[in-house]
Structure formats: structure tokens, C-alpha cells
Amino acid sequence: AVLKEAVMDFLADNGGEVIGNVSLDQFPGHLVRDLLVATTRRNEGDSGRDDDFTTMRVSELRRKLHEKGLGRNVDGSREAMIGALRSGAAES
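Residues numbered from 1 in each chain as written. Predicted model: local features only at pLDDT ≥ 70, side-chain atom pairs only at ≥ 80, totals over all residues. Heavy atoms only, no water.

S.K.: Explain the pattern of salt bridges residue by residue, including any values.
M.R.: If you walk through the whole model with that rule in mind, you get nine salt bridges. The salt bridge partner of Asp34 is Lys4, with a shortest N-O separation of 3.0 Å. Residue Asp34 is found in helix α3 (residues 32-44), and its partner Lys4 is found in helix α1 (residues 2-13); the two are separated by 30 residues along the sequence. With a closest N to O distance of 3.8 Å, Arg41 and Glu5 form a salt bridge. Of the two residues, Arg41 sits in helix α3 while Glu5 sits in helix α1, which places them 36 residues apart along the sequence. No difference in accessibility class separates Arg41 from Glu5, as the two residues are buried. Connected via shared salt-bridge partners are Lys4, Glu5, Asp9, Asp34, Arg41, Arg57 and Arg78. (Salt bridge = Lys/Arg side-chain N within 4 Å of Asp/Glu carboxyl O. Helix = DSSP H or I, 4+ residues; strand = E, 2+ residues; numbered from the N terminus. Buried < 20%, exposed > 50% of the residue type's maximum accessible area, 1.4 Å probe, protein only.)

As C-alpha cells, then:
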């Protein structure tokens, strides 16, 4: 998840250069959401709302899971971490 996040940050930061030099014909559709998250985070800054899990970095999601004691039963995917945090928040 961290490597994928770093790649998406690179794409968001270097979009013009990437578009000019890389064919995106085979870009997997399921990565579009991750690219939009990286772009949104870049435009809005890393300091989003504390309860807006969708734009948090993977490291922030893991830290929140650990703080709430939810990290043990969650795989490393962004979606699973967000789901666990939302479920944990709903139960509180």
C-alpha cells in the first residue's frame, strides 16, 4: 500500500511529464481512485479533516488503527483500513 501510494503521489506531482512520456492505455481502472486521492491530497494539502479517512496517507491510517486497537485484523489495503476505521467509529 505504501509503494502504491508513493507511485500515485509521483504521478500526481509529475502529471504533465508522465502524460507526455508514458502511454496510459493500459492503466488499470481500479487505480484511478488512488490517483484521485493523491491529486486531492496534493491540491488540499496533507492536513485534511481528522475524520476524513479517504484522503489520509497509509501511514496515518495505520496509526489511527493502532490507536483504536483495530490494526490486528486488517490487511494492508487502503480500503480495508478505511473500512475498519469507519466500522470502529460507528461502534463508538
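S.K.: Quick rundown of α1? Include the residues and the values.
M.R.: Relative to the 16 Å expected for twelve residues at 1.5 Å per residue, α1 spans 16 Å between its end C-alpha atoms, a close match to the ideal helical length. Along α1, the residues classified as buried are Glu5, Met8, Asp9, Leu11 and Ala12. Mapping the buried residues of α1 onto a view down its axis gives an arc of 160 degrees, with all of them on the same face. (Expected span 1.5 Å × (residues − 1). Arc of directions from axis to C-beta.)

S.K.: So, the environment of Leu3: which residues are in play, and what are the values?
M.R.: The topology assignment puts Leu3 in helix α1. A relative accessible area of 65% places Leu3 in the exposed class. In this structure, the C-alpha to C-alpha distance between Leu3 and Ala84, residues 81 residues apart in sequence, is 21 Å.

S.K.: Now, about the packing of α1 against α3: what can you tell me, with residues and values included?
M.R.: Interhelical geometry of α1 versus α3 gives an angle of 60 degrees and a closest axis separation of 8 Å. What the angle tells us is that α1 and α3 run oblique. Judged by the twist between their axes, the crossing of α1 over α3 is right-handed. Contact residues: Lys4, Glu5, Met8, Asp9, Leu11, Ala12 and Asp13 in α1; Asp34, Leu35, Ala38, Thr39, Arg41 and Arg42 in α3. (Axes fitted to C-alpha atoms, helices over the stretch in contact; angles between N-to-C directions. Parallel < 35°, antiparallel > 145°, perpendicular 65-115°, else oblique. Left-handed = near helix turned anticlockwise from the far one by under 90°. Contact = heavy atoms within 4.5 Å.)

S.K.: Any chance you could break down the nonpolar core for me, citing the residues and the numbers?
M.R.: In this structure, Phe53, Met56, Val58, Leu61, Leu65, Met81, Ile82, Ala84 and Leu85 together form the largest nonpolar core, which totals nine residues. Within the residue set of this core, elements represented by two or more residues are α4 (58-68) and α5 (78-91). Element by element, the count of residues in this core is highest for α5, at four residues. Look past the residues within four positions of Val58 in its chain and what remains in contact with it is Ala1, Val2, Glu5, Arg78 and Met81. Counting six residues, the second largest nonpolar core, distinct from the first, contains Leu11, Ala12, Val18 and Ala38. (Core = buried A, V, L, I, M, F, W, Y, C linked by side-chain atoms within 4.5 Å.)

S.K.: Any details on a nonpolar patch on the surface? Residues and values, ideally.
M.R.: There is a patch of nonpolar side chains on the surface, built from Ile19, Val22 and Leu24 and spanning about 280 Å² of accessible area. The residue Ile19 is located in helix α2 (residues 15-21) in this model. On the basis of relative accessibility, which here comes to 62%, the residue Ile19 falls in the exposed class. (Patch = residues over 30% accessible without salt bridge, like charges linked within 9 Å, V, L, I, M, F, W, Y side chains within 5 Å. Areas by Shrake-Rupley, 256 points an atom, 1.4 Å probe, with all protein chains shown as cover.)

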